Protein chains: 2
Amino acid sequence: MVMEKAVKGQIRGEETRSRILQVAEQAFARGGYDTVGVAEICQLAGVSKGAFYHHFNSKESLFLELLDRWLSDLDQQLMRSGWAEISVQQGVDRLTALSGMVFQEAGDRYRIVLEFFNQAIRDPKIWQATIAHLRRYQDFFSQLIRSGMEQGLLKPVDPDHIGRMALSLGIGILLQSLLDPTYNEWGNVLLDSIRLILEGIAA
Amino acid sequence: MVMEKAVKGQIRGEETRSRILQVAEQAFARGGYDTVGVAEICQLAGVSKGAFYHHFNSKESLFLELLDRWLSDLDQQLMRSGWAEISVQQGVDRLTALSGMVFQEAGDRYRIVLEFFNQAIRDPKIWQATIAHLRRYQDFFSQLIRSGMEQGLLKPVDPDHIGRMALSLGIGILLQSLLDPTYNEWGNVLLDSIRLILEGIAA
């Protein structure tokens, strides 16, 4: 019985935590990180300040967890193994599926990306977390290029520059798709771009 | 004498206007558009609220003027005529000079770009202005591609997709260079990217 209560308590705790994250994401996306305080998040989530601080050290740490959550789905798909062993066409197919996933996400999730960039300039902790993620993605793309070169599939290029180029494209398209959602070809712009880059650097 | 006074008054007016724009740009970049009010801008510029509203209808209209000012230098270089008549190599040279100009700008000017994106999601007037500028740049790049295709210099591609790709690259590199200014190769990443795209679509 005691055990059951503990489990139920844990589940309730997870639900509370998850609800706080959800309403905070929506509130930050709508109003901006600066203007939304812990009190407002508590009110929207229907929890006490005590419950909030039981789950999160600060608004900042909640924000950083939102960043991690936002990227975790993308990471799971992007970082799965086997990239080095597949053909260029298979790589394009994988990225096609991935971009479909990203661009089908709800609009609010994009807005929070912009908030991450925005706060990263002002808050050193958020900057560190954001830059660490960016560099991780850059490295991922650079490694892909390097591995393609080693296998003789790609021309000798600067893997670092191409890695940063790929990430820049992704970020630029993401931001524009957020601002101009009535244009429904953003996914295809990304795919055409990937194809063009791959053709350009194919051996 | 009266004439002289009027001229002096006009010059003083221009100086005031220019000072307000300058301190507002720095304040928005540092603190964010939402948190900086007209009162703070007046205090920083050393002007009365009356003087502020003599020059600007609102904080929003001041912000829109900052956007126009930020883009006007870029526009002058980018929109000058003769793109259609020059060779691909000459085009790359032009863009090289241009990217040198953009990446040598002071850091604060980048921050304001992020503020434009950020406010565009929330404020319909700022959204309209931002999206109009984005579409103008997209059209510019698309026209370049179209013209290259008509001259038989480029393979048949989707000029609209490539135009958006070029702009996405520029935006993505700009944002990353803002976040990661210790990396001093951003200008070269952009140039390598331009070269790669041009090689990929050259006939």
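The following refers to the structure shown. On a predicted model such as this, the values are computed, not experimentally measured, just so you know.

Regarding the relation of the copies chain A and chain B
Then, in step 1: Superposition record for chain A on chain B: RMSD 0.0 Å, screw rotation 180°, translation along axis 0.0 Å. Taken together, these values place the two copies in the relation of a two-fold axis.
Then, in step 2: The fraction of interface residues of chain A whose copies in chain B are also interface residues reaches 100%, indicating that both copies meet through the same surface.

Section: the interface of chain A and chain B
Then, in step 1: Contact with chain A, which involves 52 residues of that partner, is made by 52 residues of chain B.
Then, in step 2: Counting every contact that joins chain A to chain B gives two salt bridges.
Then, in step 3: Between B:Arg135 and A:Asp180 there is a salt bridge, with the nearest N and O atoms lying 2.8 Å from each other.
Then, in step 4: Listing elements by their share of the side of chain A that touches chain B, those giving two or more residues are α1 (2–31), α6 (107–120), α7 (124–150), α8 (159–179) and α9 (186–201) of chain A.
Then, in step 5: Tallying contributions element by element places α8(A) first for the side of chain A that touches chain B, with 15 residues.

Points about helix α9 (residues 186–201) of chain B
Because the α-helix completes a turn every 3.6 residues, residues three or four places apart line up on one side.
Then, in step 1: Here α9(B) contains 16 residues, and its C-alpha end-to-end distance of 23 Å stays within 8% of the 22 Å for a straight helix at 1.5 Å per residue.
Then, in step 2: Among all positions of α9(B), only B:Trp186, B:Val189, B:Leu190, B:Leu191, B:Ser193, B:Ile194, B:Leu196, B:Ile197, B:Gly200 and B:Ile201 are buried.

Structural notes on the pattern of salt bridges
Residues and elements named next belong to chain A.
Then, in step 1: This model, assessed by the stated rule, comprises 10 salt bridges over all chains.
Then, in step 2: When the shortest N-O distance is used, the salt bridge between glutamate 65 and arginine 17 registers 2.5 Å. Separated by 48 residues along the polypeptide, glutamate 65 in helix α4 (residues 59–78) and arginine 17 in helix α1 bring together distant segments of the chain.
Then, in step 3: The class for arginine 17 is buried, based on a relative accessible area of 18%.

Overview of the nonpolar core
Then, in step 1: In terms of nonpolar packing, the biggest core is built from 120 residues, with A:Phe28, A:Ile41, A:Leu62, B:Phe28, B:Ile41 and B:Leu62 touching the most fellow members.
Then, in step 2: When neighbours within four sequence positions are excluded, B:Leu62 is seen to be in contact with B:Ile20, B:Leu21, B:Ala24, B:Phe28, B:Ile41, B:Phe52 and B:Phe56.

Calculation criteria
- Residues numbered from 1 in each chain as written.
- Chains lettered and ligands numbered in written order.
- Predicted model: local features only at pLDDT ≥ 70, side-chain atom pairs only at ≥ 80, totals over all residues.
- Heavy atoms only, no water.
- Least-squares fit on C-alpha atoms with pLDDT ≥ 70 in both.
- Contact = heavy atoms within 4.5 Å.
- Salt bridge = Lys/Arg side-chain N within 4 Å of Asp/Glu carboxyl O.
- Helix = DSSP H or I, 4+ residues; strand = E, 2+ residues; numbered from the N terminus.
- Expected span 1.5 Å × (residues − 1).
- Buried < 20%, exposed > 50% of the residue type's maximum accessible area, 1.4 Å probe, protein only.
- Core = buried A, V, L, I, M, F, W, Y, C linked by side-chain atoms within 4.5 Å.

Nothing here speaks to function; it is all geometry.
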